[in-house]
Each structure stands twice: as C-alpha cells, then as structure tokens.
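Report on the structure
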Amino acid sequence: MKEYLELSPAVKAAMMAGEPVVALESTIISHGMPYPQNVETALRVEEAIRESGAVPATIAIIGGRLKAGLTADEIEYLGKKGPAVTKASRRDLPVLVARGADGATTVATTMIIAHLAGIRVFATGGIGGVHRGAETTMDISADLEELGRTPVMVVCAGAKAILDLGLTLEYLETKGVPVIGFGTEELPAFYTRTSGFKVDYRIDTPEELAAAFRAQQEMGLGGGMLVTNPIPEEYSMDPARINAAIDQAVADSRRLGIHGKEVTPYLLARVKELTGGDSLDANIQLVLNNARLAARTAKELFLR
Ligand code: PSU
Ligand code: MN
C-alpha cells in the first residue's frame, strides 16, 4: 500500500529525523466548516501544532494519491471546493485511488493514511459515531470500526450530540477502544464540556496519555485510543441552546429523508445555520485546543 502514499517534504523530513508529527483530517475542511473559515482554520491549526513543537500532516487524497502533508494551495483547493469534494471513508478509497480522484478524508480514512505513514497521533474536532435512531437506520460511522482496528491516537472534543452518545460509548467498548477524558471524568459533547456520560479513564497529563498509548501498542493489542478533550470553558456553549438546535437539525434531516454519508454534513451545516455562526467559533477554538494537546502528546511519545 506504501506505493500509494506520498509524504510532503516537511513530513518526510520530520519522520526521518524522528520528530513528532500530528495528523489532521480534511473532511472537516471540505464538509465540516464553510469557506473561507475552513481554510483559515486549517492553516491556523497547522500553525498551532508548529508552535507546540510538532510537525502538522494534513491528510487527503489528491489525484488518487494518499497524501500526508498538504501545501497551502492544496488546502485552499479542498476548502474552496467544499462539499463538491468526495467525502472519503474507508469504503471510498479503492475507487477514488483507481480513478486518480480527490477525496477529503474522514476520521477513519485519516487514521488509515496516518498509520501507513507511521504517524501515531491525530487531532480533530469531533468523531463520527452511532446516530440517534441507529436501532432502525443502522447508521453507525465507520470511524468507530477504524478506532477498533487501526493503532492511532485520536484527540477530539468528544462527539456532537447529533449522535447517540450512550450508544457510541457502548460500541467503542465492544470494539475495545479506550475512551480517555483529558482532565475530566465526563465525556465532553463537543460544544459543551459535559454530556452526562462517563469516560473510561481520566488522564491529566500528555505524559500519561503517551504512556497508555505506548503500553497499548507494545502489548500488541491493536486498535486506536480515543482522547476526549473538553472545549475550553470560555468558548463552551449554553447546553440548552445548542441542544435545541441539534434536536431541530435531527428532526429536519428526518423530515427531508437525508441518509447515508449526507447525514453528518447536513447536521453540521444545519446546526451552524440555527445557531447563527456561534457554533462555528466554538468549533474553531476546540480544534485548536485539540491540536495543541495532540502536539504535546506526540512530543512525549517521541521522547522514547
Ligand atoms: N463531526 C464533526 N465534524 C466533522 C465530522 C464529524 O463534528 O467534520 C466529520 C469527520 O470527518 C468524521 C465524519 O470522520 O464527519 C463522520 O462522518 P460519518 O458520520 O458519515 O461517518
Ligand atoms: Mn453514516
């Protein structure tokens, strides 16, 4: 599979020198935020990783190549094209690559490509999970399967309440994925610091995150680790307001019969619309916060 992979010069140099690298996804750019804030945020997140002493590797499929490390022009291209770029999860890789097409990588695909490139830590906003009503729709994100099989640490701000958070945790338990709360016992719900659900373990330092991940890999357990990092207090949103917007968005998606891979992008855009852009500001801040934690943890991992 390595012949399909292409590292940017900066990522290649960092990997060869044994420097810490942090992977970033691209669906958040194309489908997760509107242009031009998506491009601005992607570049700011890369900068935050550099400032924290690691090298960013934004991941995407460009012209059928699995890319780890994009140029600013490539990020601008994906951001401007937005939802017109194919949202690429695990099942999309074969045809996109064979056609020499472009794809924005979800958490699942970013993990696959990061692992192929030897990158162990990945920062994002929120992961996909078990959707509300999954007991009839069977809509469960491929991100959860990937966490169960691919050895990458994913640093996120929990999952949005567009999902069924309780079922998402059950699924992760079944797949053997440790769910860590960074400085918290409660699963953060993306825009808010709490959800009412407990994580498996609370860890308070990047050192201990690195130690747990190292132990997982050295034991050969396989699979990834989910680190949930609550949004900084000053940017967190009023739960009543955000949850009302989410309920409305879920109801609208059902009424419109949205299904398959369109569900998550529809809900993200609708929540943003209903909260008049405040949710976008929170979203940007939490991604930056996750990028900094991922960089600090990657540095710890590379100490040994
Ligand atoms: N949740 C967010 N923002 C996002 C996504 C999810 O809060 O941008 C994106 C991620 O790329 C994630 C994908 O991997 O949506 C999940 O899509 P699905 O539910 O179709 O698997
Ligand atoms: Mn789905």
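We now turn to the structure provided with this report. As the structure is a prediction and not an experimental result, all values here were calculated from the model. (Residues numbered from 1 in each chain as written. Chains lettered and ligands numbered in written order. Predicted model: local features only at pLDDT ≥ 70, side-chain atom pairs only at ≥ 80, totals over all residues. Heavy atoms only, no water.)

The subject of this paragraph is the environment of Ala-159. Along the chain, the position of Ala-159 falls in the loop between strand 8 (153–156) and helix 9 (165–174). For the pair Ala-159 and Leu-226, spaced 67 residues apart in sequence, the C-alpha separation works out to 11 Å. Those residues in contact with Ala-159 that sit more than four places away from it in its chain are Ile-127, Leu-165, Pro-188, Ala-189 and Phe-190. (Helix = DSSP H or I, 4+ residues; strand = E, 2+ residues; numbered from the N terminus. Contact = heavy atoms within 4.5 Å.)

Estimates place the volume of the largest pocket at around 650 Å³. Lining the largest pocket are 33 residues, with Lys-87, Gly-128, Ser-141, Asp-143 and Thr-264 sitting closest to its centre. Of the residues forming the lining of the largest pocket, the biggest block, three residues, is contributed by helix 12 (residues 263–274). Among the residues forming the lining of the largest pocket, the class breakdown is 10 nonpolar, 15 polar and eight charged. (1 Å grid on protein atoms, 1.4 Å probe; cavity = no way out; pocket = protein on both sides within 12 Å on 5 of 7 lines; lining within 4 Å. Points joined across faces, edges and corners; volume = space filled by probe spheres on them. Nonpolar A, V, L, I, M, F, W, Y, C, P; charged D, E, K, R; others polar.)

So, on to the pattern of salt bridges. Counted under the stated rule, the structure contains 17 salt bridges. Between Glu-74 and Lys-67 there is a salt bridge whose closest N-O contact spans 3.2 Å. Of the residues examined, Glu-74 reaches a relative accessible area of 16% and is grouped as buried. In this structure Lys-67 comes out as buried when scored by relative accessible area, which is 13%. A single salt-bridge network, built from bridges that share partners, covers Glu-6, Arg-65, Lys-67 and Glu-74. (Salt bridge = Lys/Arg side-chain N within 4 Å of Asp/Glu carboxyl O. Buried < 20%, exposed > 50% of the residue type's maximum accessible area, 1.4 Å probe, protein only.)

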